[in-house]
Amino acid sequence: MIAQNVAFGILAAAMVVAALGVVRTNNVVHAALYLVVVLAGGAAQFILLGQEFVAWVQVLVYIGAVIVLFLFGIMLTRAPMHPDESLDNDLKWPAAVTALFLAGVLGSLLIDAFHRTKIDIRQPIRTAAVTNAVFRTYIIPFEVVGVLLLAALVGAVVLARKD
Amino acid sequence: MSHLLALDPLFQSGHVGFSVFLVVAVKVLVAFALLLVSVMLYIWGMRKWIADMQNRIGPNTAGPWGILQTLADGIKLFFKEQSIPDSADRVVFRLAPYLSIMPAFLLFCIIPIGGQVSIFGHQTFLQVADLPIGALWILAMSGLGVYGVMLAGWASGSKYPLLGSVRATGQLLSYEAAFSLGILGVLVRAGTLSTHDIVSQQRWVNWHSFVSQWYWLPAFVPFVIFLIAATAETNHPPFDLVEAEQELVGGFNTEYTGIRFAIFFLAEFMNVITMSAVATTLFLGGPSGPGLGFLSAGNALNTWLMPVFWFGLKVIALLFVTVWVRASMPRMRYDRLMALGWKYLIEIAILWVLVAAAIEVANVQNWNVWATVLIAFGSAALAYGVLYLAIPKPDEVVEEFR
């Protein structure tokens, strides 16, 4: 277990540094690349927990599709090469306070929900078990999320069309 | 952690000693060297084949039959000056070639090139890793391959590479969907994500296995869609708009010189080989094929040599097809490329997955398979007809959308 804890510490430190990079940098493309590091760190944490399916879906969906679409959008519109000063403003301290507050709320929520639960990482959950959970036990929430995403898509089209 | 790495018998004991580590290290090194050497031979073979088809001689000076031509080119590029444009983003510019080649190699790691063999007294599969989520790994790595192309064009800090990389990203994203649905067409039948399991389901029993066990015939539509989408994913002709030299100077790699250009070049051809290997694994039974009948099944020739031979033969056959297409097809127009991907391949692939799923359910529930197949294909054809009628034809497009 010690090896896992050390790996967790290293990954968490790298994620925090990269997450600070996302908000600190003045270059939009660099921010997206820092975000890739944060998400890859998240995927690695899932692997430490033995959840390889979730980990690789994280890589496939977030790194392989979402961030790629971010970058594609940036390149289609402006493709800025140089740091953009307007990406920075004077709200650093309010932002820091908000971030700490959010960390406190989410942290206490997670501790309250799971503080006695232990995940047995020697018995990883296989893909079949994940799909059974999604398509049998939680089929209605799954479908509702699908409809929600469709609504978001249609909404985006409506907002983007100017006629 | 051993259960994560694999279903490989090498890790079943749960104890990872020095010799197990050594076996894994040897497998990684051999796979890496094999991929590099096969890229070298493929580029030479491609030039020779195209030369034959065009009634030319092709490379014939370096080594016997010009076989060392690629090596000579590589050495030349290695010693050339590497320039970085003044307006480039220096860190990303240096990083991009490696982002391009890493996924190409990592994708090859899960390809089974042989069956179960014994190395230094350890039983193991002849593949670098047998991930339980192997097929997902194929999708994840081909998704990561976009970064190298996209960032190279952006980081160059000039117009033509940026145009090339925007084109490339649009193409890769569009065909990613058809590519994934093509793989899904096999997974519905196979019922597993592990590449080793997919290959062992297509094992060789007798000559009938060629049509009944291998997935190319039961999943013929996904096979064709996969081949088209994989050609587009690897930016190979007729889908090589990314480096249309008449329009874009050279595409995303215009500003690259020396070894960095060589790495892009290597990654492009490595991707072709890896995709052929993936197609072999999913549709053509990977290393399965008839053994040498006059030797016992446990003979070293039958466990080691014959599977690797069949795997290599199938990959070379697929590579020959890509060269054939390259030599005979003109480059597609960009709007036709997008129309093919979005209007035809994705729809056909989705409908095929639904039909295949219906057949699987019919098998499980003991329904009449023929009636199910008929109804499923009928509904699919109906749905496709409605979709086809819903797409506006070029002469019907209303003026405001032009």
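Remarks on the overall build of chain B
Okay, so step 1: When its secondary structure is counted, chain B shows 14 helices and 2 strands.
Okay, so step 2: The C-alpha radius of gyration computed for chain B amounts to 23 Å, which stays within 12% of the reference 21 Å derived for 402 residues, consistent with globular compactness.
Okay, so step 3: Across its three principal directions, the C-alpha atoms of chain B cover 60 × 60 × 50 Å.
Okay, so step 4: Here chain B, with 402 residues, has 50% of them falling under the buried criterion.
Okay, so step 5: Taking contacts inside chain B between residues at least 6 apart in sequence as the whole, the part at least 24 apart equals 76%.
Okay, so step 6: Roughly 19000 Å² of accessible area belongs to chain B as shown, and the carbon and sulfur atoms make up 70% of that amount.
Okay, so step 7: Distance between charge centres in chain B, computed from 21 positive and 23 negative side chains, equals 6 Å.

Considerations on empty space enclosed by the protein
Residues and elements named next belong to chain B.
Okay, so step 1: Under the criterion given, the structure shown has 1 cavity of 30 Å³ or more.
Okay, so step 2: Within this model, the largest cavity holds a volume of roughly 290 Å³.
Okay, so step 3: Together, 22 residues line the largest cavity, and Gly145, Val149, Glu233, Thr234 and Asn271 are the ones closest to its centre.
Okay, so step 4: Counting only elements with at least two residues in the lining of the largest cavity, the list comes to helix 4 (90-108), helix 5 (134-155), helix 6 (159-190) and helix 11 (258-283).
Okay, so step 5: By residue class, the composition of the lining of the largest cavity is 11 nonpolar, 7 polar and 4 charged.

Points about the confidence of the model for chain A
Okay, so step 1: Looking at chain A as a whole, the pLDDT averages 86, with 96% of positions reaching at least 70.
Okay, so step 2: Highest mean pLDDT in chain A belongs to helix 6 (residues 139-160) of chain A (92); lowest belongs to helix 5 (residues 127-137) of chain A (84).

A look at unusual backbone geometry
Residues and elements named next belong to chain B.
Okay, so step 1: One non-glycine residue, Trp65, adopts positive backbone phi at about 55 degrees.
Okay, so step 2: Inspection of the secondary structure puts Trp65 in the loop between helix 2 (18-53) and helix 3 (69-78).
Okay, so step 3: Its identity as a non-glycine residue notwithstanding, Asn366 has a phi of 60 degrees, on the positive side.
Okay, so step 4: Summarising the element assignment, Asn366 is placed in the loop between helix 13 (334-365) and helix 14 (369-390).
Okay, so step 5: The class of Asn366 is exposed, set by a relative accessible area of 69%.

Structural notes on the interface of chain A and chain B
A common way to state how big an interface is: give the accessible area lost once the parts meet.
Okay, so step 1: The interface of chain A with chain B comprises 33 residues on the first partner and 33 residues on the second.
Okay, so step 2: Interface area, chain A with chain B, both sides summed: about 2700 Å², of which 79% is carbon and sulfur.
Okay, so step 3: The interface formed by chain A and chain B contains 0 salt bridges.
Okay, so step 4: Across the chain A-chain B interface, the total number found is 2 residue pairs in polar contact (both at pLDDT 80 or more).
Okay, so step 5: Mapped by element, the contributors of at least two residues to the side of chain A that touches chain B are helix 2 (28-48) and helix 3 (52-77) of chain A.

Quick look at the layout of surface pockets
All names here are of chain B.
Okay, so step 1: Estimates place the volume of the second largest pocket at around 900 Å³.
Okay, so step 2: Along its surface, the second largest pocket is lined by 29 residues, and Ile43, Ala262, Phe265, Leu266 and Phe269 are the ones closest to its centre.
Okay, so step 3: When the residues that make up the lining of the second largest pocket are grouped by side-chain class, the tally is 17 nonpolar, 4 polar and 8 charged.

Looking at the packing of aromatic side chains
All names here are of chain B.
Okay, so step 1: Scanning the model with the defined rule gives 20 aromatic pairs over all chains in all.
Okay, so step 2: Ring centres of Phe32 and Phe105 lie 5.1 Å apart, and the angle between their planes is 85 degrees; this geometry places the pair in the edge-to-face category. Of this pair, Phe32 sits in helix 2 while Phe105 sits in helix 4, and the two are 73 residues apart along the sequence.
Okay, so step 3: Given a relative accessible area of 14%, Phe105 falls into the buried group.
Okay, so step 4: Their ring planes at 85 degrees and their centres at 4.9 Å tell us that Trp49 and Phe320 sit as a pair that is edge-to-face. With Trp49 in helix 2 and Phe320 in helix 12 (residues 300-328), the pair connects residues that are 271 residues apart, well separated along the chain.
Okay, so step 5: Overall, the relative accessible area of 27% leaves Trp49 in the partly exposed class.
Okay, so step 6: One aromatic cluster in this structure is built from Tyr42, Phe261, Phe265 and Phe269.

Conventions and cut-offs
Residues numbered from 1 in each chain as written. Chains lettered and ligands numbered in written order. Predicted model: local features only at pLDDT ≥ 70, side-chain atom pairs only at ≥ 80, totals over all residues. Heavy atoms only, no water. Helix = DSSP H or I, 4+ residues; strand = E, 2+ residues; numbered from the N terminus. Rg over C-alpha atoms; globule rule 2.2 N^0.38 Å. Buried < 20%, exposed > 50% of the residue type's maximum accessible area, 1.4 Å probe, protein only. Contact = heavy atoms within 4.5 Å. Areas by Shrake-Rupley, 256 points an atom, 1.4 Å probe, with all protein chains shown as cover. Lys, Arg positive; Asp, Glu negative; His and termini not counted. Charge placed at Lys NZ, Arg CZ, Asp CG, Glu CD. 1 Å grid on protein atoms, 1.4 Å probe; cavity = no way out; pocket = protein on both sides within 12 Å on 5 of 7 lines; lining within 4 Å. Points joined across faces, edges and corners; volume = space filled by probe spheres on them. Nonpolar A, V, L, I, M, F, W, Y, C, P; charged D, E, K, R; others polar. pLDDT = per-residue confidence, 0-100. Buried area = accessible area lost by both parts, 1.4 Å probe. Salt bridge = Lys/Arg side-chain N within 4 Å of Asp/Glu carboxyl O. Polar contact = N/O pair within 3.5 Å; in protein donor to acceptor, adjacent residues only side chain to side chain. Phe/Tyr/Trp six-rings, centres within 6.5 Å; stacked < 30°, edge-to-face > 60°.

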